[in-house]
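Residues per chain, in single letters:
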Amino acid sequence: MRKARKVGILGAGAWGTAVASVLSKAGNQVQIWAFEGDVVNDINKNHSNSRYLPGAALSPSLEASGDLKLVANNKDFVIVATPSLFTLPLIKTLITIPSILEGNTHIGVLTKGFIPTPRGNKLVLQAIEDYLPGIYKDNLVYISGPSHAEEVVQGKITALVAASRNPLNAIRFKHLLNAGPLMVFSSLDTIGVQVSAAVKNVIAIAFGILDALKEQSNFVGDNTESLLLAAGLNEIQSLATALGSSHPSKTLTSIAGVGDLDVTCRSIHGRNRRFGREIILKKALEPFANLDDFLVNFSKLGYLPEGAAAAKHVRDFVDFYGLRMPISMGVYRILNKESDPLEEVKNFLRILAGNYELEMPLDQALI
């Protein structure tokens, strides 16, 4: 019989809620922190999260609270599940919690993307480690993989990767998360897994744009989308290698790389794919002046596509390392209102074709 662990989940979005419910159903003592009072009440009274995970029946023993310190203190495990835009303020609160100050809690991270800091853009674990007590250096665990919350909470089999520079901690989270529909594999390549988790959302926005264009043109099809996936995977590997991935080829061909990229681009549950489609089909960018405006006022859209924030940071990495990432840069230019989505798709296809003149002019094909 599994020993019950005390677990705190920080962030009651769809993914944090799904993980919390699975761990609670497995017999762990799980509390989840939510910023919104209505989410706290919904989880505690109705065993549901109608705001972020509608229609899902959550574990009846899952407890929610709006008190961050209460949820994080005296836990065996704490899992950070906040969007990247809001992660650092949360971490600055964690460093005041006694059990974390003493290093008694194992910390895992679900947050995807990059985090801007006074010392530049950083990977999520790197940014968090800068603020946590020194005992957590190289001991945090990053958790990622092809895992839409909507399917996990329904009990559909899902694989994850727990990556840490401390192999023992990776195994600790592997054992914790191997519950219900989840199967977990360990990795030492924290950089490769983090880059995959961040940049795949940028590629998924491009995929959504292409997917919407597919409905409007006979020139774009499944073959074209697969071309985008392959080229996108190359871009992820380029950045992962530049940032110091220890096993880029192995990581990128695993569930953390190609697996997560595929499901994020192709699944109807993917917010970034949805965002890309809505850029074409619903003119989703019209209310915003540029990307910075979008990142401040994304509530007008009704949801936060993490790939939008990641695209801005990828642009900075591309400039710094001199990388060639035409898809990611095209997404950035689209989101920053610098160019038209159709022009960026044509530009991307021309680059891949080596400027070869296609038999059907793209100007006529993508109308």
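The rules we used
Residues numbered from 1 in each chain as written. Predicted model: local features only at pLDDT ≥ 70, side-chain atom pairs only at ≥ 80, totals over all residues. Heavy atoms only, no water. Helix = DSSP H or I, 4+ residues; strand = E, 2+ residues; numbered from the N terminus. Rg over C-alpha atoms; globule rule 2.2 N^0.38 Å. Buried < 20%, exposed > 50% of the residue type's maximum accessible area, 1.4 Å probe, protein only. Contact = heavy atoms within 4.5 Å. Areas by Shrake-Rupley, 256 points an atom, 1.4 Å probe, with all protein chains shown as cover. Core = buried A, V, L, I, M, F, W, Y, C linked by side-chain atoms within 4.5 Å. Pairing = 2+ DSSP bridges. Right-handed = clockwise from strand over helix to strand, strands pointing away.

### A short note on the overall build of the protein chain
- Within the protein chain, the regular secondary structure consists of 18 helices and 10 strands.
- Relative to a compact globule of 367 residues, whose C-alpha radius of gyration would be 21 Å, the protein chain shows 20 Å and is just as compact.
- Taken over the C-alpha atoms alone, the protein chain extends approximately 65 × 40 × 35 Å along its principal axes.
- Counting the 367 residues in the protein chain, one finds 57% classified as buried.
- Put simply, of all contacts in the protein chain between residues at least 6 apart along the chain, 69% involve residues at least 24 apart.
- Carbon and sulfur atoms make up 52% of the accessible area of the protein chain, which amounts to about 15,500 Å² in all.

### Thoughts on the nonpolar core
- Core analysis: the biggest nonpolar cluster contains 58 residues, and Phe114, Phe275 and Leu335 have the highest contact counts within it.
- At the level of elements, α9 (190-214), α10 (222-243), α12 (255-266), α13 (271-281), α14 (291-297), α15 (306-321), α16 (326-335) and α17 (341-352) are the ones that each hand at least two residues to this core.
- When residues in this core are grouped by element, the largest group, 14 residues, is from α9.
- Aside from chain neighbours lying at most four places away, what touches phenylalanine 275 is Ile205, Ala284, Leu285, Phe294, Leu301, Tyr303, Pro305, Ala308 and Leu335.
- With 38 residues, the next largest nonpolar core counts Val40, Leu58, Ala81 and Leu177 among its residues.

### A short note on the pairing of strand β2 (residues 29-33)
- Most of β2 is tucked away, with four of its five residues classed as buried.
- Pairing analysis gives five bridges linking strand β1 (residues 6-10) to β2, with the strands arranged parallel. Bridge pairing links valine 7 to valine 30 in β2.
- Once the chain exits β1 it traverses helix α1 (residues 14-25) before rejoining the sheet at β2, and the crossover so formed is right-handed.
- Relative to strand β3 (residues 63-65), β2 is paired through three bridges, and the arrangement is parallel. Note on β3: the bridge partner recorded for glutamine 31 is glutamate 63.
- One crossover worth recording links β2 to the parallel β3 by way of helix α2 (residues 37-46), and it is right-handed.

### Thoughts on the side chain of serine 245
- Tracing the sequence through the fold places serine 245 in the loop between α10 and α11 (248-252).
- Setting aside its immediate chain neighbours within four residues, serine 245 contacts Asp189, Ile191, Gly192 and Ala240.

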